[in-house]
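So the chains spell out like this:
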Amino acid sequence: MPPQLTGTPRRRRPAFVQSRSAEQPTRHPAVALAMALPCAVVLVLLFGGWEQMANQAQAVADLITR
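Now for a quick tour of the structure. It should be emphasised that the depicted structure is a prediction, and the values quoted were computed from it without experimental measurement.

### Thoughts on the overall build of the protein
When helices and strands are tallied, the protein shows two helices and zero strands. Residue burial in the protein is summarised as follows: out of 66 residues, 0% are buried. Accessible area of the protein: about 7,200 Å², with a carbon and sulfur share of 63%.

### Regarding helix H1 (residues 29–47)
End to end, H1 covers 26 Å across 19 residues, agreeing with the expected 27 Å (1.5 Å per residue, within 8%). Remark: the principal bend of H1, roughly 30 degrees, maps to Ala 36, with a proline, Pro 38, within the next four residues.

### Thoughts on a nonpolar patch on the surface
A surface patch of nonpolar side chains, amounting to about 410 Å² of accessible area, comprises Leu 33, Leu 37, Val 41 and Leu 45. Tracing the backbone through its elements, the reader meets Leu 37 in helix H1.

Analysis parameters
What you see as residue numbers is a count from 1 along each chain, following the sequence as written. Residues qualify for local features only when their pLDDT is at least 70, as the model is predicted, and side-chain atom pairs are given and counted only at 80 or more; totals for whole chains, interfaces and linings, by contrast, use all residues. Side-chain measures here rest on the full set of heavy atoms in the structure, leaving out hydrogens and waters. Each helix is a run of DSSP H or I of at least 4 residues and each strand a run of E of at least 2, with the numbering of both proceeding from the N terminus. Relative accessible area decides the class of each residue, using a 1.4 Å probe on protein chains only: under 20% of the type maximum gives buried, over 50% gives exposed, and in between gives partly exposed. Only the protein chains shown count as covering a residue, and every accessible area follows the Shrake-Rupley method with a 1.4 Å probe. Multiplying 1.5 Å by the residue count of a helix minus one yields the expected span of that helix. A residue's bend is simply the angle between two axes: one fitted to the seven residues ending at it, one to the seven starting at it. Patches draw on residues past 30% relative accessible area with no salt bridge. Two like charges within 9 Å are joined, as are two nonpolar side chains (Val, Leu, Ile, Met, Phe, Trp, Tyr) within 5 Å. By salt bridge we mean one thing: a side-chain nitrogen of Lys or Arg within 4 Å of a carboxyl oxygen of Asp or Glu.

Spelled out as structure tokens, the structure:
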């Protein structure tokens, strides 16, 4: 037998409403860079992206010098 709900149901606030007292400070861009850079280096080494990046940089340099 399912339990019976008694009393008035509580109303929930929508998820997109943020409380003014619970504001979290934003993260400094250097911290975000420090977190993302090691992952990027691992992916470049793992998948051989260094050559591809060098090719793209050379193509951009060729476009700029024209």
